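Below are the chains, spelled out letter by letter.
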Amino acid sequence: MQIKDYQQRVLDRLKAYLDALTTHEAIRQQIPVQLRQTVTYDVPRKAWEQVTGRDTYQSYQNALGEDVPHICFKVPTGGGKTYLATRAIELIQHKFHGEQTGLVLWIVPTKSIYRQTLEALNNKHHPYRHSLDKASGGHTLIVEKDMLFTQSDVRENLVVLLLMLQGSNRKNRETELKVFKGRGGFMNFFPDEGNQSEHRALYEKVPNLTFEGGTDQFFLTIKPSLGNVVRLLKPLIILDESHRASSELSHETLSDFNPSFVLELSATPKPDSNILVNVSGQELHQEEMIKLDLHVTTKDSIEWQNTLLAGVEKIRQLTAQADEYRNNGNPYIRPIGVISVERTGKKEDTGQYIHANNARDYLIQIGIHPQAIAIKTADVDELKGVDLLSETCPIQYIITKDALKEGWDCPFAYVLVLLNNTKSVTQLQQLIGRILRQPYAKKTGVLALDESYVFCHQQAPKAVVEAIAKGFRQEGLDDLTAHVIRESDSGRGELVKVPYRQEFADWTIYLPRFVVREGDTIRPISYMMDVLPHIQWDNLSLDDFQINKTSSRSQEHRLTIGLGTSTYNPLLQRDFEEFEIRNDLNPDFFVRQLSDIIPNEWRARRIVNRMIDKLRLSYAPDEIANRAVEISEELRLYLTKKIDGYFVNPQNNEDVIDSIGLAGEAFLERIRDNEIIFFLEKTSDYALPRFITQYEEDKILIRNNNKPIQKSLFEDVPESQLNGLERNIALYLDEQHNLLWWYRHLVGAKYNLQGWRNNRIFTDFVTAYKHESEEYSTVYVLEVKGQHLSGNDDTLYKQEIFKICNREGLKMRWDELGAEFKYNKVEFHMVLEPEWKQKINKLFNG
């Protein structure tokens, strides 16, 4: 398996970190033994700071109180997280543990991922297993929790224990895990039953081992359980899909296994994860790992069969191209369609919903061979034991509901057909990653076979695009949303590409944005990674938090409805009862309500506890409990203002002071420290698109005198892309003598600004001021706001971000970027109704 450039970058960064661990452990060893209890030297933190240049490391200790390296690889779906994990095991075993044998605890979140991982690791011909065998010198042993292994197995092999997350968590602190139940097969890891001194000595060395009975008994016997063996061996832990293990209980469980090293794998890590390497979707795309562009067709037809037929026609077209590709001596590809229906259960085939059987019957009716169709549901699994990549496999259509949401790794899937016309947007969000993997991780050179396709039944295009954007974020591919092309069967003709005007054909136009500096490299800024974790939560005050004094009660109403004698109103209320409910005060309820604002459960819990302590001074616990929903909403609003800041138009309220909030303070501090920079690079991420798409029959924007527009960046601009105010502004711009060109950002455009709030800023227009040499000297990025929005919080926030952009932009040396930037600078401006004409006149006419 040929390693990709970004994968090598991940492993190189890991090597550097492991080398730094060795360096700092040597320094720690120089501290006299008698001083090590009092002198703190966090080796994993020191190594992290040396390699990343950041001081954001979240320290981690196992249950023995030992500092443990705990890092994360952020890799999008389809980027080979499992392969990277196996290669990482090799490095960690050799460079950190200094041995080829020992125990690796590999934890996965679901049954499907468990089965897929187990099958790959057990297959001695699979690249994953090759990596493990290289790490172990050919002595690899894959085991499950119900299997036995011995001390000699661990001494002579690299033992990889696969465990599901649910199987490693306690339901509560009183419930004992099955892995800690005593089993005689593990007795050879522990002293003989009668040798009490050795049992006590082992207990003193590893004090979280479990015993038969309490530890205060005279006779102590350590349980010969799998859990105790894991604790004794201090494993390297691989935590797959680590964002699912975010609870306090999950962290406690991992710590209790006494790990020596923890490696997280996730496309969307938790904000407090120690992300050692961040792989972007763009890197996957450049390395030919995923099929893009993604073409989305929304079918307006009432009949769902028309949507399915369109998907089948696309599969037939792709199959013909795949056959031709194979006939030219290239690898085998069999394009597969995934069909999502509304119902799959035996008792749900009532005709009211689109059932799996309906889809199968229709496929057969239009000529698809029954053997080419498989159903995959919770109850029916016709894919079990099937190798979809085999040339002898006939399956080309897979019918499911949501059974393929995870654990799916079939690069032959090209087409997704969503027939659920009420919930398919949600299904699209969950299933989008199933069709993105590129066969053999290599582009074919045949455009149709290097892209992917979605067909939706009766869905609003806007909702579909929003769902895809969410799906891309879930897959860690949020930087690739510009590769989504929306199509339709609305009767507007074929979708065509519109290029730059001829005079601009050779230009590439770049725009700056905020990025994060990591050593000698930069990457796009992320709110979850680069703003939220840097907030000074200790500065969050609840002093002015308050709720209204009311006599609110929680009530339950019960009434009985029967038939009366009146023909006018045949329903009759027979009786009515009202009960007052007494609720218990539960802090967990408030913590859950804050999960989207403060993802870190520990921080949220501390804030909730402070709030409850404050409210207890004025309210009884049962009153707080009975008003929990109301209070949680008040707390959410309060914290949002504290974190995001709140801007008030001074003309409306002179008494309220604008606040940038805790997130704004963290953002500006990182700018002052040169960790967040305003940056422009000559790469596609910073460039305006080279073309836009429109339908042949779309109405084209024209001037009010019925003449074509003259100064748009693109040859034509569909009128439907602009609302009334935007249309007026575009036409007014088109008449400016000193304007070189203008461009209206499309919905879903790649370029955006990430400030200190979670929501990104997608600007409306990009315009260029014309220099005497007919080249552009200043690029103006414009955000348009209607009169009703001119003084609201969002508008004022964006104006503040624009001020920062313009201030930081003055520090840039544009001419260093190349000849086309000789006279160039970029400014950001808000254009408000009704003064928009005055604003444009000022920009282009002095």
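Higher on the page you've got the structure.
Residues numbered from 1 in each chain as written. Predicted model: local features only at pLDDT ≥ 70, side-chain atom pairs only at ≥ 80, totals over all residues. Heavy atoms only, no water.

Engineer: Run through a negative patch on the surface, naming residues and quoting values.
Structural biologist: Where like charges cluster on the molecular surface, the negative patch consists of Asp55, Glu665, Glu669 and Asp673. With respect to the helices, strands and loops of the structure, Asp55 is situated in the loop between helix H2 (43–52) and strand S1 (70–74). Taking relative accessible area as the criterion, Asp55 reaches 54% and is therefore assigned exposed. (Patch = residues over 30% accessible without salt bridge, like charges linked within 9 Å, V, L, I, M, F, W, Y side chains within 5 Å. Areas by Shrake-Rupley, 256 points an atom, 1.4 Å probe, with all protein chains shown as cover. Salt bridge = Lys/Arg side-chain N within 4 Å of Asp/Glu carboxyl O. Lys, Arg positive; Asp, Glu negative; His and termini not counted. Charge placed at Lys NZ, Arg CZ, Asp CG, Glu CD. Helix = DSSP H or I, 4+ residues; strand = E, 2+ residues; numbered from the N terminus. Buried < 20%, exposed > 50% of the residue type's maximum accessible area, 1.4 Å probe, protein only.)

Engineer: Could you give me a rundown of the layout of surface pockets, with the residues and numbers involved?
Structural biologist: By volume, the second largest pocket is sized at about 750 Å³. Lining the second largest pocket are 27 residues, and of these Glu25, Arg28, Gly65, Glu66 and Asp67 lie nearest its centre. Breaking the lining of the second largest pocket down by element, the ones donating at least two residues are helix H1 (5–29), H2 and helix H3 (81–97). It is H1 that contributes the most residues to the lining of the second largest pocket, 4 residues altogether. Class assignment of the residues belonging to the lining of the second largest pocket gives a composition of 12 nonpolar, 7 polar and 8 charged. (1 Å grid on protein atoms, 1.4 Å probe; cavity = no way out; pocket = protein on both sides within 12 Å on 5 of 7 lines; lining within 4 Å. Points joined across faces, edges and corners; volume = space filled by probe spheres on them. Nonpolar A, V, L, I, M, F, W, Y, C, P; charged D, E, K, R; others polar.)

Engineer: Mind laying out the sheet that holds strand S17 (residues 521–524), listing which residues take part and the relevant values?
Structural biologist: With respect to topology, 3 strands assemble into an open sheet ordered S17-S16-S20, the strand pairing being antiparallel. What marks the edges here is a single partner per strand, and that holds for S17 and strand S20 (676–679). Neighbour-to-neighbour, the strand axes of this sheet turn through a mean angle of 45 degrees, independent of strand direction. (Pairing = 2+ DSSP bridges. Axes fitted to C-alpha atoms, helices over the stretch in contact; angles between N-to-C directions.)

Engineer: I'd like a description of the nonpolar core, backed by residues and values.
Structural biologist: A general trend in soluble globular proteins is that nonpolar side chains are found buried together. Counting residues in hydrophobic clusters, the biggest one holds 77 residues, and the most contacted among them are Phe514 and Trp741. Counting 68 residues, the second-largest nonpolar core is a separate cluster that includes Tyr6, Val10, Leu11 and Ala20. (Core = buried A, V, L, I, M, F, W, Y, C linked by side-chain atoms within 4.5 Å.)

Engineer: Got a sec to walk through empty space enclosed by the protein? Specific residues and values, please.
Structural biologist: For the coordinates displayed, the defined rule picks out 5 cavities of 30 Å³ or more. Considered as a void within the structure, the largest cavity measures approximately 60 Å³ in volume. In this structure, the largest cavity is lined by Arg513, Phe514, Pro524, Ile525, Asn752, Leu753, Gln754 and Arg760.

Engineer: Just give me the short version of the packing of aromatic side chains, but keep the residues and values in it.
Structural biologist: All told, the structure shown has 22 aromatic pairs when counted by the stated rule. Relative to Trp836, the ring of Tyr732 lies with its centre 5.4 Å away and its plane at 90 degrees, an arrangement referred to as edge-to-face. In this pair, Tyr732 sits in helix H22 (residues 724–734) while Trp836 sits in helix H24 (residues 836–845), placing the two residues 104 residues apart along the sequence. Of the residues examined, Tyr732 reaches a relative accessible area of 18% and is grouped as buried. By the ring-pair criterion, three or more aromatic residues cluster together here, those being Phe514, Phe647, Phe667, Phe678, Trp756, Tyr797, Phe802 and Phe828. Cation over ring: Lys314 sits above Tyr453, and NZ or CZ is 4.6 Å from the ring centre. (Phe/Tyr/Trp six-rings, centres within 6.5 Å; stacked < 30°, edge-to-face > 60°. Lys NZ or Arg CZ within 6 Å of the ring centre and 35° of its normal.)

Engineer: Let's hear about H24: which residues, and what values?
Structural biologist: Within the sequence span of H24, burial applies to Trp836, Ile840, Leu843 and Phe844. For H24, the arc enclosing every buried residue in end-on projection is 80 degrees, short of the 170-degree limit, so these residues lie on one face. (Arc of directions from axis to C-beta.)

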